[in-house]
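As a plain string of letters, each chain reads:
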Amino acid sequence: MTGTQKIFKRIQKDVGRAIADFGLIEEGDRIAVGISGGKDSYTLLQILEALRKKAPVRFELIAINVDPGFSGYRKDLIAAYLHRQGFRYHMETTRSDEIIEENLRPGTSYCAFCSRLRRGFLYTLAERLECNKIALGHHLDDFIETLLLNQFFSGKLAAMSAKMLADNGKHTVIRPLVYVKEADIVTLSQAMNFPIVHCACPVAGKTDRNRQRMKQLIASLEVDIPNIRHSMINALKNVQPRYLLTGQTEHPVQEK
Ligand code: SF4
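In short, a report on the structure.

What counts, and at which threshold
Here, residues in each chain are numbered from 1, in the same order as that chain's written sequence. Owing to the predicted nature of the model, reporting of local features is limited to residues with pLDDT of at least 70; listing and counting of side-chain atom pairs is limited to 80 or more, with chain, interface and lining totals taken over all residues. Based on all heavy atoms of the structure, the side-chain values leave hydrogens and waters out of the count. The helix count covers DSSP runs of H or I at least four residues long, the strand count covers runs of E at least two residues long, and both are numbered beginning at the N terminus. When we talk radius of gyration, it's over C-alpha atoms, and the globule rule is simply 2.2 Å times the number of residues to the 0.38. The buried label goes to any residue with under 20% of its type's maximum accessible area, the exposed label to any with over 50%, and the partly exposed label to all in between, with areas taken from a 1.4 Å probe on protein chains only. Residues are treated as being in contact if the distance between any of their heavy atoms lies within 4.5 Å. Accessible surface is estimated by sampling points in the Shrake-Rupley manner with a 1.4 Å probe; for residues, cover comes only from the protein chains shown. Positive residues here are Lys and Arg, negative ones are Asp and Glu, while His and the chain termini are left out of the count. Lys charges are placed at NZ, Arg charges at CZ, Asp charges at CG and Glu charges at CD. Strands were regarded as paired on the criterion that DSSP finds at least two bridges between them. Here, the term right-handed applies to a crossover whose path from the first strand over the helix to the second runs clockwise when the strands point away from the viewer. Inter-axis angles, ranging from 0 to 180 degrees, are taken between N-to-C directions of lines fitted to C-alpha atoms, where helices are fitted over the stretch in contact. Our angle categories are set so that under 35 degrees counts as roughly parallel, over 145 as roughly antiparallel, 65 to 115 as roughly perpendicular, and the remainder as oblique. In this scheme the handedness of a crossing depends on how the near helix is turned from the far one: anticlockwise by less than a right angle means left-handed, clockwise means right-handed. Each residue gets one of three labels, nonpolar for Ala, Val, Leu, Ile, Met, Phe, Trp, Tyr, Cys and Pro, charged for Asp, Glu, Lys and Arg, and polar for the others, Gly among them. In what follows, salt bridge is the name for a side-chain nitrogen of Lys or Arg lying within 4 Å of a carboxyl oxygen of Asp or Glu. Here the term cavity refers to a set of points on a 1 Å grid, laid over the protein atoms alone, in which a 1.4 Å probe fits but cannot get out; the term pocket refers to an open set having protein on both sides within 12 Å along at least five of seven lines, with lining residues being those that place an atom within 4 Å of a point. Grid points are joined across faces, edges and corners, and a volume is the space filled by probe spheres set on the points. To count toward a patch, a residue needs a relative accessible area over 30% and no salt bridge; like charges are then connected within 9 Å, while nonpolar side chains (Val, Leu, Ile, Met, Phe, Trp, Tyr) are connected within 5 Å.

**Topic: the overall build of the protein chain**
Item 1. Across its full length, the protein chain holds nine helices and six strands.
Item 2. Computed over C-alpha atoms, the radius of gyration of the protein chain comes to 20 Å, within 12% of the 18 Å expected from 2.2 N^0.38 for 256 residues, which places it in the range of a compact globule.
Item 3. In the protein chain, which comprises 256 residues, the proportion classed as buried is 42%.
Item 4. The contacts of the protein chain with a sequence gap of at least 6 include a subset with a gap of at least 24, amounting to 75%.
Item 5. Per element, the accessible surface of the protein chain, about 14,600 Å² overall, is 52% carbon and sulfur.
Item 6. Looking at charge distribution, the protein chain has the averaged site of its 36 positive side-chain charges lying 3 Å from that of its 28 negative ones.

Next comes the structure, spelled out in structure tokens:
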């Protein structure tokens, strides 16, 4: 078995475990797979396709791409790749760039507004294509970094969900890469030569400083705690509300 096959198998196993643990895919699902042109989304699509071919349940995949309209975004490279690989796909062009410029209020994060818009476009597109689920490429490191970001900067204990009803109440959003480490995705992406396309927005690479700090923090702790990433992701499944300050007390409070 080649190195690429080994890493592909490992990721496939992680995704299979997530699908089983969270009931991510069911018979008859028609899944829109969000393809941004980044390593995570290509990995997600390739792994889901490999699983689809041998899965006991029947489900369909449609790759969907939402072009935000930023000049220089090479969606042509994405379309060419999807075509070459034989995937069903749909490319949608939007003018998110203009909507953001016209509607962004002072103090609102450019990225937060852009992400909300993109989510809206994804939901609309999934509905038009009659998909009941939307698969997104967030991986294990995204989950644990978000957990720390929320604790450190927002004072809340929250990360992301592997399976949740979308804000529109109609679609289910799934994140099958929840158990996949980013390092494995980087390795696979290089081995499979994915045509990486950057978003070309005006703030790319400038707004995620805190996320970078979380990455560095986890990497430095990993030297002494090799299992830290798995332990943190497991913690998200092993929540013990009795030992949090959520209003529940260990012993009932006696009223006078
Ligand atoms: S980095 Fe750019 S494309 Fe990505 S969410 Fe932020 S504004 Fe949007």
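Picking up after the structure, the text goes on.
**Section: the pairing of strand β2 (residues 60-67)**
Item 1. The element β2 is largely enclosed, with a buried count of seven among its eight residues.
Item 2. Across five bridges, β2 lies against strand β3 (residues 89-93) in parallel orientation. Among the inter-strand pairings, A63 is bridged to a residue of β3, identified as Y89.
Item 3. Crossover handedness for the path β2 to helix α3 (residues 75-85) to β3: right-handed.

**Topic: the packing of helix α4 (residues 96-103) against helix α5 (residues 110-128)**
Item 1. In contact at an axis separation of 10 Å, α4 and α5 are set at 130° when each is read in the N-to-C sense. Considered as vectors, α4 and α5 are oriented oblique to each other. The two elements α4 and α5 meet at a crossing, and its hand is right-handed. Taken together, the residues of α5 that come into contact with α4 (itself represented by S96, I99, I100, E101 and N103) are Y110, F113, C114, L117 and F121.
Item 2. Split into classes, the residues belonging to the contact of α4 with α5 amount to seven nonpolar, two polar and one charged.

**As for the pattern of salt bridges**
Item 1. Applying the stated rule across the entire model yields 24 salt bridges.
Item 2. Note that D184 is salt-bridged to R10, the shortest N-O span being 2.8 Å. Residue D184 is located in helix α7 (residues 182-191), and its partner R10 is located in helix α1 (residues 3-22); the two are separated by 174 residues in the primary sequence.
Item 3. Close ionic contact of E127 with K170 constitutes a salt bridge, the shortest N to O distance being 3.1 Å. Pair noted here: E127 is in helix α5 and K170 is in the loop between β5 (163-165) and β6 (172-174), with a separation of 43 residues, a long-range link.
Item 4. Given the relative accessible area of 41%, E127 is considered partly exposed.
Item 5. When its relative accessible area of 54% is taken as the criterion, K170 is described as exposed.
Item 6. Taken together, the shared-partner salt bridges in this structure form one network comprising K39, D40, E145, E182, R211 and K215.

**Quick word on the layout of surface pockets**
Item 1. Size it by volume and the second largest pocket reaches roughly 180 Å³.
Item 2. In terms of lining residues, the second largest pocket is bounded by L147, Q151, L157, A158, A235, L236, N238, V239, Q240 and L244.
Item 3. Broken down by class, the residue content of the lining of the second largest pocket amounts to seven nonpolar, three polar and no charged.

**Structural notes on the packing of helix α6 (residues 140-154) against helix α9 (residues 228-235)**
Pairs of packed helices are described in terms of their axes, by the angle between the two and the distance that separates them.
Item 1. Between α6 and α9, whose axes approach to 10 Å, the crossing angle comes to 70°. By the angle between their axes, α6 is roughly perpendicular relative to α9. Seen along the crossing, α6 lies across α9 with a hand that is left-handed. Seen from α6, the contacting residues are L140, D141, F143, I144, L147 and L148; seen from α9, they are R229, H230, M232 and I233.
Item 2. Of the residues that constitute the contact of α6 with α9, the class distribution is seven nonpolar, one polar and two charged.

**Description of a nonpolar patch on the surface**
Item 1. There is a patch of nonpolar side chains on the surface, built from F152, F153, L217, L221 and I225 and spanning about 430 Å² of accessible area.
Item 2. Sorting the residues of the nonpolar patch by element identifies α6 and α8 (209-222) as the ones contributing at least two each.
Item 3. In this structure I225 comes out as partly exposed when scored by relative accessible area, which is 41%.

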